[in-house]
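Below are the chains, spelled out letter by letter.
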Amino acid sequence: MADKVSRIDDRYATVEKYTTLRGIHHDARRHLSEAEWNYLWCGTGDEVTLKDNVAAFDRYRFVAPLFAGIDNPNTQTRVLGFDLSFPAFIAPFGGEAVFHPEGHLAIGRAAEAAGIQQMVPVAASYPLEDIAAASSVASVFQMTFVGDEGAVLDLMDRAKAAGYRYICATYSPIRQWRERMMEDRFSIRGENGPANFGPGRSDPAPLVELLDFTQPRWNWQQAARAIARAPLPCIVKGVTSARDAHAALDAGAVGLYVSNYGGRTVDRTPAALDVLPSIRRAAGREVPIIFDSGVRRGSDIATALALGADAVALGRLIALGLAADGEHGVRRTLDLLQREFWTTLGHLGCSKVEDLSDAVLHQSELSLAR
Ligand SMILES: Cc1cc2nc3c(=O)[nH]c(=O)nc-3n(C[C@H](O)[C@H](O)[C@H](O)COP(=O)(O)O)c2cc1C
């Protein structure tokens, strides 16, 4: 019996507090108030897109070949010039001190230990310089293209000076219709522009004050001009159609970030996974594509890569890890995701990330994507 237990210990590392992501989810729920939990999970409107993002993953099935001879798949990859221990970035999510007082400082340390890179939002709970100083992996600074162009460029200069390597441009012109937060009277300054504070634990997001959300009228010409003048290469987040993919590349983006913000902006837009294949086709093979919205486990990373992404970004999963146990919770989340992704690669007969293609997906489901 003792022998059996120790073997189980080896395989599932039970000395660790969390053996699966479910345990992390459970602790996060215990640590957050109802309003904070709703801030994490809210979508807009009826939250149809939020649900569809996850349902889209559930429609795909893998083909697991017999005797494929894989014993140690390599999960490493290179995206946007970064060597990643597995194909993931931390998604830029703001107001994160609601989940844990150390916010993106803790997230950066965990991401560094895990060997991946961090995207930092303008609406973070800490100044971009402090987050950059906390680790060596705060490399992408997300900012809304809004208001005065000079102010946008000034903020980019600050990001460059702090050591960021890319700008992630987003477009968020007006407030979103998030009924859970409205009912809770809960708001975070920053995520959609300045707003009053609710009962959350987060401190203001002071950087957002530098952007003028009363002047949202940016168009592609203006975005292209800002990208051309930017001190750092830009990727564009929020691409959900082939048309916007072309527009972003024409405007000078060096990479595309396919995302519907986890269903937090406009409800009843398509699941992000469902638009990914057409965006890969529009962008061609070489353009780096980061994907988020709906990734819930390690095998989802394989599905997104099989459908054309180079890496995924992790939003809510990281917020859950942070809420469950700060830096350790995020570190463990990343560890479990990487391990499950490794297992998935192996079972699909892939010895490396680049081996993932639509050939690993069951064909009847794949016809949906064509
Ligand atoms: C609490 C929270 C805050 C967020 N804040 C931002 C933000 O400030 N800027 C941004 O570009 N995206 C923001 N996002 C969207 C995430 O970057 C990411 O696109 C989203 O979490 C992906 O959906 P998923 O987590 O359901 O997979 C936020 C998401 C959450 C959950």
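The protein is annotated in an unreviewed UniProt entry as Alpha-hydroxy-acid oxidizing protein of Microvirga alba. Per UniProt, the comment on the protein under Cofactor (unreviewed entry) is "FMN". Quoted straight from UniProt, the Sequence similarities (unreviewed entry) entry for the protein says "Belongs to the FMN-dependent alpha-hydroxy acid dehydrogenase family."

1. Digging into the UniProt feature "binding site: glyoxylate" (unreviewed entry) in the protein
UniProt feature "binding site: glyoxylate" (unreviewed entry): in the numbering of this structure it lies at Tyr-39, Arg-178 and Arg-264. Taken together, the annotated residues stretch across 226 residues yet fold into one region, lying no more than 10.2 Å apart by C-alpha. Within the secondary structure, Tyr-39 sits in helix α3 (residues 34-41). Within the secondary structure layout, Arg-264 lies in the loop between β8 (255-258) and α11 (272-283). For Arg-264, a relative accessible area of 10% gives the class buried. A polar atom in the side chain of Arg-264 sits 3.2 Å from the backbone oxygen of Cys-42.

2. Notes on the sheet that holds strand β7 (residues 234-239)
Pairing in this closed barrel of eight strands is parallel, and the strands run β3-β4-β5-β6-β7-β8-β9-β10 around the ring. Averaged over neighbouring strand pairs, the angle between their axes works out to 30° when direction is ignored. Examined bridge by bridge, strand β6 (residues 166-170) and β7 share three bridges and lie parallel to one another. What sits directly across from Cys-168, in β7, is Ile-235.

3. Let's talk about unusual backbone geometry
A positive phi angle, near 50°, is found at Arg-185, a position not held by glycine. In this structure Arg-185 comes out as exposed when scored by relative accessible area, which is 70%. The backbone of Tyr-261 sits at a positive phi, close to 60°, despite the residue not being glycine. Along the polypeptide, Tyr-261 turns up in the loop between β8 and α11. Its relative accessible area of 22% is what places Tyr-261 among the partly exposed residues.

4. Some thoughts on the packing of aromatic side chains
What the rule picks out here adds up to nine aromatic pairs. Between the aromatic rings of Phe-82 and Phe-89, the centroid separation amounts to 6.4 Å while the plane-to-plane angle is 75°, which identifies the pairing as edge-to-face. By the burial criterion, Phe-82 is buried, and Phe-89 matches it. Look at Phe-145 and Trp-218: their rings are 5.1 Å apart centre to centre, the planes differ by 45°, and that puts the pair in the tilted class.

Conventions and cut-offs
Numbering of residues starts from 1 in each chain and follows the order in which that chain's sequence is written. This being a predicted model, a pLDDT of at least 70 is required before a residue's local features are given, and a value of 80 or more before pairs of side-chain atoms are given or counted; all residues contribute to the totals for chains, interfaces and linings. Derived side-chain values reflect all non-hydrogen atoms in the structure, with water molecules and hydrogen atoms excluded from consideration. UniProt positions are given in the numbering used here, feature names are shortened, and annotations may be inferred rather than shown by experiment. By definition, any uninterrupted DSSP run of H or I lasting at least four residues is a helix, any uninterrupted run of E lasting at least two residues is a strand, and each is numbered from the N terminus. Accessible area is worked out with a 1.4 Å probe on protein chains only. A residue is then buried under 20% of its type maximum, exposed over 50%, and partly exposed in between. As used in this structure description, the phrase polar contact means that two N or O atoms lie within 3.5 Å; if the pair is within protein, one of them must be able to donate a hydrogen and the other to accept it, and residues adjacent in sequence are counted only when both atoms belong to side chains. At least two bridges found by DSSP between two strands are what make those strands a pair. Here an axis means a line fitted to C-alpha atoms, over the contact stretch when the element is a helix, while the angle between two N-to-C directions is reported on a 0 to 180 degree scale. The rule is short: rings of Phe, Tyr and Trp, with Trp giving its six-membered ring, pair when the centres are within 6.5 Å, and they are stacked under 30 degrees, edge-to-face over 60, tilted in between.

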